[in-house]
Amino acid sequence: MGKPKETEKSLLLKVHWDMEILWHFQKEDFHPKPSVDSVLVHFAKKEVPDLTKGEYIAFQQFVAHSPRYGIYKRQGLLTKKQVQTALKQAGLPHAHEDGVTLYIQWLCLFRFYLRCKL
């Protein structure tokens, strides 16, 4: 689900699915007690995905490249100024260097990247 921070899988799932945690289980709800926290997650398929099929393929590549090389680091796909400009134009907060970048910010940066490629 991308909590506490987005992962490649969570970003790709969110294109087609809305997800929310419906219930936080207690460890005592299970026997034997699990060593991890458990939740009940609800997945609802979006009527209209956030990206077209062609955009989704490009988004997969964008998402796969960015965590490895950084969104705007040396081998990143965008410059720091491009990231700041894209988010500012969209009215979104700055993407955090600590790895906490929201799904909506990823989408914004991806769409900006597509425009820059043209």
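Remember, predicted model here, so these are calculated numbers, not experimental data.

**Digging into the environment of Gly-76**
Thinking step 1. Following the sequence through the fold, Gly-76 ends up in the loop between helix H2 (53–69) and helix H3 (80–90).
Thinking step 2. We classify Gly-76 as partly exposed; its relative accessible area is 22%.
Thinking step 3. Spatially, the C-alpha atom of Gly-76 lies 18 Å from that of Glu-6, the residues being 70 residues apart in sequence.

**Quick word on unusual backbone geometry**
Thinking step 1. At the junction of Lys-3 and Pro-4, the peptide bond is cis and its omega measures out at 10 degrees in the coordinates.
Thinking step 2. The topology assignment puts Pro-4 in the segment before helix H1 (8–14).
Thinking step 3. A cis geometry characterises the amide bond from His-31 onward to Pro-32, with omega recorded as -5 degrees.
Thinking step 4. Examined against the element boundaries, Pro-32 turns out to sit in the loop between strand E1 (17–24) and strand E2 (39–45).

**Structural notes on the nonpolar core**
Thinking step 1. Among the nonpolar cores identified, the biggest contains 24 residues, and Phe-59, Val-83 and Leu-109 are the most heavily contacted of them.
Thinking step 2. Elements represented by at least two residues in this core include exactly H1, H2, H3 and helix H4 (103–117).
Thinking step 3. Ranked by the residues each element gives to this core, the list is headed by H4, at eight residues.

**Looking at a nonpolar patch on the surface**
Thinking step 1. A surface patch of nonpolar side chains, amounting to about 470 Å² of accessible area, comprises Leu-22, Trp-23, Phe-25, Phe-30 and Leu-40.
Thinking step 2. Looking at the secondary structure, you find Trp-23 in strand E1.

**Notes on the pattern of salt bridges**
Pairing is possible between side chains that carry opposite charge, provided their charged atoms lie close to one another.
Thinking step 1. Evaluated as defined, the whole model comprises four salt bridges.
Thinking step 2. We note a salt bridge from Lys-46 to Asp-50, for which the minimum N-O separation is 2.4 Å.
Thinking step 3. Classification of Lys-46 by relative accessible area gives buried; the value is 15%.
Thinking step 4. Each of Asp-18, Lys-46 and Asp-50 takes part in a single network of salt bridges with overlapping partners.

Conventions and cut-offs
- Here the residue index of a chain counts from 1 through its sequence in written order.
- In keeping with the predicted nature of the model, local features appear solely for residues at pLDDT of at least 70, side-chain atom pairs appear and are counted solely at 80 or more, and the whole-chain, interface and lining totals rest on all residues.
- Hydrogens are left out, water is left out, and the side-chain values use all remaining heavy atoms of the structure.
- Strands here mean DSSP runs of E at least two residues long; helices mean DSSP runs of H or I at least four residues long; both are numbered from the N terminus.
- Whether a residue is buried, partly exposed or exposed follows from its accessible area with a 1.4 Å probe, protein chains only, as a fraction of its type maximum: under 20%, in between, or over 50%, in that order.
- Throughout, nonpolar core names a set of buried Ala, Val, Leu, Ile, Met, Phe, Trp, Tyr and Cys residues whose side chains join them through atoms within 4.5 Å.
- Residues enter patches when their relative accessible area tops 30% and they take part in no salt bridge; the joining distance is 9 Å for like charges and 5 Å for the nonpolar side chains Val, Leu, Ile, Met, Phe, Trp and Tyr.
- Here the accessible surface of atoms and residues is derived via Shrake-Rupley with a 1.4 Å probe, and residues count as covered only by protein chains that are part of the display.
- What makes a salt bridge here is a side-chain nitrogen of Lys or Arg within 4 Å of a carboxyl oxygen of Asp or Glu, nothing more.

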